[in-house]
Amino acid sequence: MSRGANQKEPLEQKEGMSMRIFLAGSTGVLGRRIIPLLTSHGHEVTALTRRSEQASMLRSLGARPAVADAFEPVSLAAAVKLAAPDVLMHQLTDLTSGTSASNAILRARGTRHLVDAAHGAGVGRVISQSIAWAYAAGCKPAAEEIPLDLGADEPRLTTIRGIAALEQMTQEAPQWVVLRFGILYGPDTWYEPRGSKAAEARAGPLLADDNVSSFVHVDDAAAASVQALTWPSGPVNICDDEPAAGRLWVPEFCRAVGAAMPAASNSSAREPWARGADNRHARTHLAWSPRFPSWRQGFDAMRHRAGQGATRSGPQ
Ligand SMILES: NC(=O)c1ccc[n+]([C@@H]2O[C@H](COP(=O)([O-])OP(=O)(O)OC[C@H]3O[C@@H](n4cnc5c(N)ncnc54)[C@H](OP(=O)(O)O)[C@@H]3O)[C@@H](O)[C@H]2O)c1
């Protein structure tokens, strides 16, 4: 879609400036954390959900709810236009009830509709959620200039194509940031004592292998999303400082979630793409400083929280 002649010039976002934000993915594990962070910085938030029953929760967090489906471009565009945002933040995923295939469809079609709606409303900046494990094969943690793994085999290829589409469309905005998150862990995620990965670890030993993963605590990912309001255009790895092989992190995760120790892998073979991601760009050029510089501290915090009988009661 081309930008109309009456489009307003993109606002140059500066720290401390109050902005209007349209947040897609507002009820998800990240969205629920991002709303109070945004409002505490003086921003106005319009929060997208398909579910009208979420409206009062969103209001209690400080946002104005907008009920629409990212697969319905007309009502979505109307909601974005009404909100007249300076920034559209795209944190949509389909991971609670969906599959990696439905998630890839949402990344492709949902992003198309969001970016078109942003163009139609003259939005100056789009910030989108991506992942840090979509890079092509290599020996070292990947920096942002490494290409995406578009030569992968299925089923990985479906995920990579969805990510590539999302990232490409995001770049149509006058200003854009793609946040390539590591594996989210911490409260309300799959990687916490009540999460599905912990259930998997308790059901049978996880494999402690040589595949390398990068993690990020969910609160650090939320904080980065807010800081990205003023970052220069580009992709950014949002991961902690310690990409780690399963041999290192799996035993610590099992300890943190009260599961039996994992089975050591007999093979030292690593998936060539399982290389982790390098966060130096965010750390050095964007002054991003995670509260949990390593999953080691984050997993310890989870263990202490679980020991204190914490319940999954909502965003923290
Ligand atoms: N990098 C990572 O490792 C990563 C990233 C994200 C999530 N996850 C994992 O996935 C788990 C589930 O994620 P989640 O809690 O964020 O839930 P989710 O089910 O993935 O939903 C996320 C958000 O997307 C919205 N959404 C989905 N489809 C939509 C559509 N067609 N139109 C409009 N909005 C739509 C949902 O809104 P409504 O349902 O309110 O409409 C919700 O706000 C997390 O616990 C986490 O462990 C991991």
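Everything numeric here is computed off the predicted structure, so don't read it as measured data.

A. Fine view of unusual backbone geometry. With an omega dihedral of 5°, the bond running from E154 to P155 counts as a cis peptide bond. Phi is positive for D188, close to 75°, though the residue is something other than glycine. In this structure, A287 takes a positive phi of about 55° despite not being glycine. Examined against the element boundaries, A287 turns out to sit in the loop between α9 (280–285) and α10 (295–307).

B. Region of the structure containing the pairing of strand β4 (residues 87–90). Residues V87 and M89 line one face of β4 and the alternating positions L88 and H90 line the opposite face, and both faces are buried. With four bridges connecting them, strand β1 (residues 20–24) and β4 associate as parallel partners. When the bridges of β4 are listed, F22 appears paired with L88. As defined by bridge partners, β4 adjoins strand β5 (residues 125–131) across four bridges and the pair is classed as parallel. Across the sheet, the residue bridging to L88 is V126, located in β5. Running through helix α4 (residues 100–120), the crossover from β4 to the neighbouring parallel element β5 is right-handed.

Definitions and cut-offs
Residues numbered from 1 in each chain as written. Predicted model: local features only at pLDDT ≥ 70, side-chain atom pairs only at ≥ 80, totals over all residues. Heavy atoms only, no water. Helix = DSSP H or I, 4+ residues; strand = E, 2+ residues; numbered from the N terminus. Buried < 20%, exposed > 50% of the residue type's maximum accessible area, 1.4 Å probe, protein only. Pairing = 2+ DSSP bridges. Right-handed = clockwise from strand over helix to strand, strands pointing away.

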